[in-house]
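Structure assessment
Okay, here's what each chain looks like letter by letter:
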Amino acid sequence: MNNHLKIGIVCYPTYGGSGVVATELGIALADKGHEVHFISYDQPFRLDLFSENIYFHQVNVPDYPLFEYAPYELNLTSKLVDVALHEKLNILHVHYAIPHASAAVNAKQILATHGIDIPIVTTLHGTDITLLGKDKSFKPVIEYAINQSDAVTAVSKDLKKETLQYFNINNEIKSIPNFIDMSLYKQEDDMKLRNCFAKDDEFILTHVSNFRKVKRVEDVIHIFNKVNKEIPAKLLMIGDGPERLKAEQLCRKLEICDKVKFLGKLKVIEKMLSISDVFILPSATESFGLVALEAMASKVAVISTNTGGLPEVNIDGETGFLSEVGDVNKMAIDTLSLLKDKEKLNTFKENALAHAYTFDLPNILPQYEAVYKELSCKMKS
Ligand code: GMT
């Protein structure tokens, strides 16, 4: 019997954790022989490889003068119906509640009128619950989409807890942590690359994000400034977004522009992470913190806040240190405690790498496949 499924994956194509997880999940499923159909308004940014099992369907939003706001959700719904019907999908896996889960639930109802019952798997990634979900104008739609999905997963135990606390949920939520393909991480300390940014006696601190308010990028600069006063270091700021200018202005004010390099959006960050000593993630909220896991997979110790799912990823006192949101003093002291003690730093780096292995793709992928299998068996019976 052929156990391979035809899976539709809906995600955001932009620079962000949920799109990365969805894309890498799709690629891994395709490698295992499943047929994967990505559906989004643009090619997901990490989907730049060819595979005979991967397809991409673009959602177009026609520009009608009548609409003051283009109804993307409706175009997405129509596309989901079309792809499900013509590609004969077995499962629709949507990443992010709004508008993806909501559109999928709508598409499911339309497909039912064609005699097709397609199971919907919704994966909650964080800001759909912790930020959007708390906006009352979205709450009823998010709640409905979660309750109407055939299976719901959350990327951390904390996100599951938050969702159950805040919404009226009558559906089971399974926590399946984010994953990483450890085979892509080589942990090579490329001295030539390192020397492009730092002198031999300088440490490298790194931050990667989409520079949204929630990432508190100014805290990164303050932490670095405190560290750099005591120990020679450089800071690599990778990514781009609305708060970048503020971070640049702060560097100018503190007169540390020569010490901080803003590298913009980089597609491949593994090489940059592997030349780093400490990764800084001072987020106000973080359902999981995939980027912290990517740093750990590159054998980098992590200084982060203790919010959301971060304590499930960054183990306090082992792989790095946790602090209250905004406590830049403690985060600087913790960073210095690592940089001033080479043996301690190495132990933390080793621990970070070892803990990253628990999130390796082969440990997590079967958990998603089990969800699909259970649903497709239910549909057949
Ligand atoms: O953090 C972001 O701004 C991007 C956001 C997203 O929706 O892509 O990331 C969320 O999902 C990631 C993948 O599951 C998680 O690792 C991030 O922690 C989560 N971000 C927040 O909760 C702020």
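Residues numbered from 1 in each chain as written. Predicted model: local features only at pLDDT ≥ 70, side-chain atom pairs only at ≥ 80, totals over all residues. Heavy atoms only, no water.

**So, the site of the ligand**
Inspection of the region around the ligand gives 18 residues, with Ser18, His125, Arg212, Lys215 and Glu286 positioned closest. One of the side-chain nitrogen or oxygen atoms of Asn210 is found 2.7 Å away from an oxygen atom of the ligand. Taking Leu290, its main chain carries an N or O atom lying 2.9 Å from an oxygen atom of the ligand. Coverage of the ligand by the protein chains reaches 95% of its 480 Å² of free accessible surface. Structurally, the ligand is housed in the largest pocket. Residue classes in the shell around the ligand are distributed as 4 nonpolar, 11 polar and 3 charged. Viewed by domain, the shell around the ligand spans two of them, domain 1 (6–179 + 360–380) and domain 2 (182–359), each represented by three or more residues. (Near = heavy atom within 4 Å. Polar contact = N/O pair within 3.5 Å; in protein donor to acceptor, adjacent residues only side chain to side chain. Areas by Shrake-Rupley, 256 points an atom, 1.4 Å probe, with all protein chains shown as cover. 1 Å grid on protein atoms, 1.4 Å probe; cavity = no way out; pocket = protein on both sides within 12 Å on 5 of 7 lines; lining within 4 Å. Sits in = over half its atoms within 2 Å of the grid points. Nonpolar A, V, L, I, M, F, W, Y, C, P; charged D, E, K, R; others polar. Domains from an automatic or database assignment.)

**Here's the deal with the side chain of Ser209**
Considering the arrangement of structural elements, one finds Ser209 in the loop between β8 (203–208) and α8 (217–230). For Ser209, the side chain forms a polar contact with the side chain of His207, separated by 2.9 Å. (Helix = DSSP H or I, 4+ residues; strand = E, 2+ residues; numbered from the N terminus.)

**Let's talk about the domain arrangement of the chain**
Each assigned domain of the chain is listed here: domain 1 (6–179 + 360–380) and domain 2 (182–359). Taken over C-alpha atoms, the centre of domain 1 sits 30 Å from the centre of domain 2. On the domain 2 side, the residues contacting the 24 residues of domain 1 number 25 residues. Contact between domain 1 and domain 2 buries roughly 1800 Å² in total, counting both sides, with carbon and sulfur atoms accounting for 53%. Across the domain 1-domain 2 interface, the total number found is 8 residue pairs in polar contact (both at pLDDT 80 or more). Mapped by element, the contributors of at least two residues to the side of domain 1 that touches domain 2 are α1 (17–31), α4 (127–130), α6 (157–166) and α15 (361–380). (Contact = heavy atoms within 4.5 Å. Buried area = accessible area lost by both parts, 1.4 Å probe.)

**Considerations on the sheet that holds strand β13 (residues 320–323)**
Reading across from one edge, β10-β9-β8-β11-β12-β13 is the order of the 6 strands in this open sheet, with parallel pairing throughout. Whereas interior strands pair on both sides, the edge strands pair on one side only; in this sheet they are β10 (260–264) and β13. Recorded for the sheet is a direction-independent mean angle of 20° between the axes of neighbouring strands. Summarising the sheet, β8 and strand β11 (residues 278–281) pair through 2 bridges and their orientation is parallel. Pairing of Leu205 across the sheet is with Val278, part of β11. On the sheet, α8 packs against β8, β9 (233–238), β10 and β11 and is oriented at approximately 170° with respect to β9. (Pairing = 2+ DSSP bridges. Axes fitted to C-alpha atoms, helices over the stretch in contact; angles between N-to-C directions.)

**Here we look at the packing of helix α3 (residues 97–112) against helix α5 (residues 139–148)**
When two helices pack together, their arrangement is given by the angle between their axes and by how far apart the axes lie. The interhelical angle for the contact between α3 and α5, taken along N-to-C directions, is 55°, at an axis separation of 9 Å. The angle between the axes of α3 and α5 places the two elements in the oblique class. Remark: the crossing between α3 and α5 carries left-handed chirality. On α5, the residues touching Ala97, Ile98, Ala101, Ser102, Val105 and Gln109 of α3 are Val141, Ile142, Tyr144, Ala145 and Gln148. Of the residues in the contact of α3 with α5, the class split is 8 nonpolar, 3 polar and no charged. (Parallel < 35°, antiparallel > 145°, perpendicular 65-115°, else oblique. Left-handed = near helix turned anticlockwise from the far one by under 90°.)

**What about the packing of helix α11 (residues 290–297) against helix α14 (residues 342–357)?**
Two elements in contact, α11 and α14, have axes separated by 7 Å at closest approach and are oriented at 115°. With respect to the hand of their crossing, α11 and α14 are arranged in left-handed fashion. Counted together, Leu293, Met296 and Ala297 of α11 and Ala352, Leu353, His355 and Ala356 of α14 form the full contact between these two elements. Grouping the amino acids of the contact of α11 with α14 by side-chain chemistry returns 6 nonpolar, 1 polar and no charged.

**Some points on the packing of aromatic side chains**
What describes a pair of aromatic rings is the distance from one ring centre to the other and the angle between the planes of the rings. On inspection of all chains with the given rule, the structure shows 5 aromatic pairs. Relative to Tyr96, the ring of Tyr12 has its centre 5.2 Å away and its plane inclined at 80°; by these criteria the two rings are edge-to-face. Of this pair, Tyr12 sits in the loop between β1 (6–10) and α1 while Tyr96 sits in the loop between β4 (91–95) and α3, placing them 84 residues apart in sequence. Residue classification places Tyr96 among the buried positions, given a relative accessible area of 10%. Ring centres of Phe321 and Phe348 lie 5.1 Å apart, and the angle between their planes is 35°; on these two criteria the pair is classed as tilted. Here Phe348 lies in helix α14 and Phe321 lies in strand β13, a separation of 27 residues in the sequence. Here the guanidinium or amino end of Lys139 rests over the ring plane of Tyr166, the centre of that ring lying 4.6 Å away. (Phe/Tyr/Trp six-rings, centres within 6.5 Å; stacked < 30°, edge-to-face > 60°. Buried < 20%, exposed > 50% of the residue type's maximum accessible area, 1.4 Å probe, protein only. Lys NZ or Arg CZ within 6 Å of the ring centre and 35° of its normal.)

**Comments concerning the sheet that holds β1**
What holds strands together in a sheet is hydrogen bonding between their backbones, with the strands either parallel or antiparallel. Strand order in the open sheet made by the 7 strands is β3-β2-β1-β4-β5-β6-β7, with parallel pairing throughout. In this open sheet, the two strands that pair with only one neighbour each are β3 (54–58) and β7 (173–175). Within the sheet, the average angular offset between the axes of one strand and its neighbour, ignoring direction, is 25°. Relative to β7, strand β6 (residues 151–154) runs parallel, the two being bridged by 3 bridges. Bridge pairing links Ala154 to Ser175 in β7. Helix-sheet contacts for α6 involve β5 (120–124), β6 and β7, and the interaxial angle to β7 is about 160°.

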